[in-house]
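Structural overview
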Amino acid sequence: MSLLSLISPRNLRLALLSLGALVFLAPYIWMLSTAAKSREEIFSSSLSLWPHHWALWENLGKAFSRVPMLQLLFNGVFVCALIFFVQVVIAIPCAYAMAKLKFRAAQTMMTLVMLGLLVPIHATALPIYVALNKTGMLNSYFALSAPFFISVFGIFLFLQFFRAMPDDLISAARLDGMSEAAIVSRVIVPNAWPAVTAFAIFSVVAHWNDLFWPLIVVTSTERATPPLGLLFFRAAEAGDDYGALMAATLVVTLPLVAAFLAAQRRFIEGITLTGLKG
Amino acid sequence: MSAFSLKNISKSYGPSRILDDITIEAGEGEFIALVGPSGCGKSTLLRIAAGLDHGDDGSVSMGGRDITAEHPADRNVAMVFQSYALYPHLTAAQNIAVPLTMRNLSALERMPFVGRLIPGRAERQVAIRQQVATTAASLRIDHLLDRKPGHMSGGQRQRVALARALVRQPGVFLMDEPLSNLDANLRVHTRAEIVELHRRAGVPTLYVTHDQAEALSMADRVAVMMGGKLLQIDEPSRIYDDPRHIEVAQFIGSPRINVLDAVTSENGAVVLGGNVLVEGVAGPVGTPVQIAIRPERIKLRPAGGGGIPAIVSRLEFLGSEVIVFTRIDGSDGSFTMKAAPQDVAHVAAGMPVTLEVDPGACLVFGKDGLRVPLRTPIKQMAHV
Ligand SMILES: Nc1ncnc2c1ncn2[C@@H]1O[C@H](COP(=O)(O)OP(=O)(O)OP(=O)(O)O)[C@@H](O)[C@H]1O
Ligand SMILES: [Mg+2]
């Protein structure tokens, strides 16, 4: 009787969602577990989630000593910050102009933005690579970030957000004596935080985790981003030392996880704002 | 020379003409109410006056200076929007200070950290704060100064928006239905306050509203707009008593003015129910006209007297007055009238009555809607 009463639609939903969450989390949990196991245990025939012999510090030590982990993290942070900053500086005025100003090329620009959304980086990778190579700029922060400076997705997202801002607000700002630049910096940006946060999530997550582009333009460890660094590590040093590799992965994923936990509320607000999930 | 004027303003969006040759001239310290139904182009005209929009034709001038081509920021106009348009991220005090900050401080002085180093900025900022405090005090919103718009009621936001417009000395005030989001009580109260503020500031004002009572009660002159045309601009009493166009007569006044279709007979007379309502209408016999009579110019008399026989169809009690709806006997016309409660205490729906129209109460309009002049003024309603 009491067991039956537990089967309510609500509990069923919860159970289903928990199961889904478990499926998605399983690889990450396994990574955590492996990062804490010693080499012998990883290759032993018995599978267990909880390590018998605790080797997390050892593995972390190996990861930090064999890979320039701090350098990788710094590269990741620097490249992501640079990309995000330039994207916002370009996308916000652009989206403002398209959303609120009347000019003849507006329609054409809208079409171009739509087209831009359809073209993936993979299609333009080769010409950009050739150009960077010709100008001798491979293996640089610039090569890592420049192709992403103009984000059509960002323009599109801000455009949608700005369209919803009342025209009267901008009219009032003009009457109060603001120039268009002042309107952007004093009225639009301070009221666009939800959109900026949402965009930050997409931009930073995408470029922190990106492997495709760094793999193309970077060959040295000095400029490698974290995922690329891990790849080098696996190829060259770790060999079959999966404990150390997973410990390194843990370190690389930690900043995003920590950021998520710290700003969980804002993250979710941001994602629901765009109506997109990914 | 008028303090602020709009001359021959026209504007079209595609094929539809939104504003058609509109001219309004406001004198020094004059309060002009722009009234008209929704969609007649009031906001568009105001936006053109502010420089936020541009007409296809016509000019805007302030104090004799042509400002048609000037940027809104250079015109020195203050506008209150229907939605208030307060900056959501700033407190009331900061909102009110924006127009002063943008005008009195240079771009460098407005910068976050660098600005502080510039000599003279501190004094100017103190002056701005002083002005904000004075304006806030005059609108009694001192206690709201640290609050953001999101934490204020509609009425409080409206006051902050007014304060932001009042804080500087503009060449003209433009207000676009600033009271339409307030409840009825607050609206009547704020009406009086705006008139008082306007009187103290002495700045010409264009005040948009779709509420004819608001327009009549506040303005020095009322401009009635319909479908992009300015039908009449006159003092409130002239607009009410002497409308130039049937649509003006119908739009102004509550309850609505009574309108009857009729044709003229011998001597330019219009006869209804055996009564000559009006005589001396210009034009040949059989000219179709429209007769308009204000509800308070019709008197209810016991049935059988000399007048227009009618039947009471409905009564509306409004406290200080009663609105009586009647059907005219032997015609599909109907009359609405306003009466004092004690005068109609005995009247009930279904009762036959006689209507007596005040002499000179009939306004005659031609088929084109324009007022038709009378050749002879009427003295007494005559029974034939
Ligand atoms: N950008 C535009 N493009 C096309 N038509 C427009 C545009 N802006 C306004 N209109 C049209 O112009 C007309 C007048 O609009 P306006 O906003 O001036 O009316 P209004 O008198 O202020 O009405 P309300 O009392 O509802 O505010 C409307 O019919 C509207 O559809
Ligand atoms: Mg309007």
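Residues numbered from 1 in each chain as written. Chains lettered and ligands numbered in written order. Predicted model: local features only at pLDDT ≥ 70, side-chain atom pairs only at ≥ 80, totals over all residues. Heavy atoms only, no water.

**Here we look at unusual backbone geometry**
Only a minority of non-glycine residues have a phi that is not negative, and only a minority of peptide bonds are not trans. Residue and element names in this part refer to chain B. Our working rule: Elements are defined by DSSP. Helices are runs of H or I of four residues or more, strands are runs of E of two residues or more, and each kind is numbered from the N terminus. Burial classification: accessible surface area is computed with a 1.4 Å probe over protein chains only, and a residue below 20% of its type maximum counts as buried, one above 50% as exposed, and the rest as partly exposed.
In this structure, the amide linkage connecting S254 to the following residue, P255, adopts the cis form with an omega of -5°. Phi at Y84 is positive, roughly 70°, even though this residue is not glycine. Within the secondary structure, Y84 is located in the loop between β6 (77–80) and α3 (92–104). Residue classification places Y84 among the buried positions, given a relative accessible area of 5%. Of note, N267 is a non-glycine position whose phi angle comes to about 70°, a positive value. As for its position among the elements, N267 is in the loop between β11 (258–263) and β12 (270–272).

**What to know about the domain arrangement of chain B**
Residues and elements named next belong to chain B. Condition: Residue ranges for the domains originate in an automatic or database domain assignment. Throughout, a residue-residue contact means that at least one pair of heavy atoms, one from each residue, lies within 4.5 Å. Note on terms: buried area is the combined drop in 1.4 Å-probe accessible area of two parts once they are placed together, counting the loss on both.
If you check the domain split of chain B, you get domain 1 (4–246) and domain 2 (254–383). Inter-centroid distance (C-alpha atoms) of domain 1 to domain 2 is 41 Å. Each partner contributes residues to the interface: domain 1 has nine residues there, and domain 2 has 12 residues. For the pair domain 1 and domain 2, the summed buried area comes to about 850 Å², and 50% of that belongs to carbon and sulfur atoms.

**Section: the interface of chain A and chain B**
The cut-off we apply is this: Salt bridge, as used here: a side-chain nitrogen of Lys or Arg that lies within 4 Å of a carboxyl oxygen of Asp or Glu. Under the scheme applied here, ten amino acids are nonpolar (Ala, Val, Leu, Ile, Met, Phe, Trp, Tyr, Cys and Pro), four are charged (Asp, Glu, Lys and Arg), and all others, including Gly, are polar.
At the interface, 16 residues of chain A touch 22 residues of chain B. Of the roughly 1600 Å² buried between chain A and chain B on both sides combined, carbon and sulfur atoms contribute 59%. Considering only the surface of chain A that becomes buried against chain B, L175, D176 and R186 of chain A emerge as the three largest contributors, covering 40% of it. Our enumeration of links across chain A and chain B arrives at two salt bridges. The partner of D176 of chain A in a salt bridge is R164 of chain B, with the nearest N and O atoms 3.9 Å apart. Listed by contribution, the elements that provide at least two residues to the side of chain A that touches chain B are α9 (167–175) and α10 (180–188) of chain A. Counting residues per element, the side of chain A that touches chain B draws most heavily on α9 of chain A, at seven residues. Class assignment of the residues belonging to the side of chain A that touches chain B gives a composition of eight nonpolar, three polar and five charged.

**Some details on the UniProt feature "domain: ABC transporter" (unreviewed entry) in chain B**
Our working definition: UniProt positions are given in the numbering used here, feature names are shortened, and annotations may be inferred rather than shown by experiment.
The UniProt entry lists residues 4–252 of chain B under the feature "domain: ABC transporter" (unreviewed entry), expressed in the numbering used here. Secondary structure over residues 4–252 of chain B splits into 39% helix and 24% strand, and the C-alpha atoms at its two ends are 26 Å apart.

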